[in-house]
Amino acid sequence: MTTLPAHENSERPLALVTGVGRTIGIGAGIARQLASSGWNIAFTYWTPYDDRMEWGVEEGATDAITATLTGHGAAAVAIEADLTDPDTPDRVLDEAESRLGPVTALVMCHAESVDSGLLDTSVDSFDRHFAVNARASWLLIRAYATRFRSAPGTGRIIALTSDHTVGNLPYGASKGALDRIALAAARELAHLGVTANAINPGPVDTGWMTPDTRTDLAAATPLGRLGTPQDTAHLVDFLCSPQGGWVNGQLLMSDGGLA
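Cut-offs applied
- Residues numbered from 1 in each chain as written.
- Predicted model: local features only at pLDDT ≥ 70, side-chain atom pairs only at ≥ 80, totals over all residues.
- Heavy atoms only, no water.
- Helix = DSSP H or I, 4+ residues; strand = E, 2+ residues; numbered from the N terminus.
- Rg over C-alpha atoms; globule rule 2.2 N^0.38 Å.
- Buried < 20%, exposed > 50% of the residue type's maximum accessible area, 1.4 Å probe, protein only.
- Areas by Shrake-Rupley, 256 points an atom, 1.4 Å probe, with all protein chains shown as cover.
- Polar contact = N/O pair within 3.5 Å; in protein donor to acceptor, adjacent residues only side chain to side chain.
- Axes fitted to C-alpha atoms, helices over the stretch in contact; angles between N-to-C directions.
- Parallel < 35°, antiparallel > 145°, perpendicular 65-115°, else oblique.
- Left-handed = near helix turned anticlockwise from the far one by under 90°.
- Contact = heavy atoms within 4.5 Å.

### Quick notes on the overall build of the chain
Tallying secondary structure elements over the chain gives nine helices and seven strands in all. Compactness check: the chain gives a C-alpha radius of gyration of 17 Å against a globular reference of 18 Å for 259 residues, within 12% of the reference. If you line up the chain on its principal axes, its C-alpha atoms span 55 × 40 × 40 Å. A total of 259 residues make up the chain; the buried ones form 51% of that total. If you sum the accessible surface of the chain, you get close to 11600 Å²; carbon and sulfur atoms cover 54% of it.

### Concerning the side chain of Asn40
Within the element layout of this structure, Asn40 appears in strand 2 (residues 40–45). On the basis of relative accessible area, Asn40 is assigned to the buried category, the value being 3%. Within the structure, the side chain of Asn40 is placed 2.9 Å from the backbone nitrogen of Ala75, a separation counted as a polar contact.

### Concerning the environment of Ser37
With respect to the helices, strands and loops of the structure, Ser37 is situated in the loop between helix 2 (26–36) and strand 2. A distance of 2.9 Å separates the side chain of Ser37 from the side chain of Asp237, its partner in a polar contact.

### Describing the packing of helix 2 against helix 4 (residues 61–71)
Contact geometry of helix 2 with helix 4 gives a least axis separation of 8 Å together with a crossing angle of 20°. When the axes of helix 2 and helix 4 are compared, the pair comes out roughly parallel. For the pair helix 2 and helix 4, the sense of crossing is right-handed. Of the residues in helix 4, those in contact with Ala28, Ala31, Arg32 and Ala35 of helix 2 are Ile65, Thr68 and Leu69.

What follows is the structure in structure tokens.
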């Protein structure tokens, strides 16, 4: 874990970006973009999740991501976080604050996503999806809000969501819950001057697509291509900027027109 001296970064606000375990992921793309726009970055990752997924663990990813962030002049800290544990969100905020200061933007890119449908989803899988995608997101927002001390109008909450539910029931259902949790924050945290939005990034291949899936989704998108992490990162960057402060309480479809 690498941090630059505090005096070199004292003017940079801090963004906490969750779910940054691989260099090709959306979370990593967002972290890089925010770092290049003048943010310090605390990011979370959870190696056991990648280890049980078909893409596997990307060795050295955390160090590579940290090096890229510091190359943009950001202070950066990586925090391993098991978000199935309800105590983890407070611990993550504790560590981010102790290392880099108060969190101004919370960008939630973490996800549990294991395909199964109505008839073959296990209770354990259903509960794990809701623990990570919904409960942990609520607890992160709560921990962020109870500690928020940046200037009114600067705070940002952004959640990445999805409408993929058919054949992916626990993922889609828990992401639907996440939508409502994030959008509720736009009203309930109005007294803090914090905006809250959810983004559906559409089809972005971060290693999970088969060749047929890539072809089919690209053909189904009016622009004729898949999304990239950078597409989502640009929108997050705008929402986190002063210019994005009027966008609040929205579910944004940033999917190239697929929906």
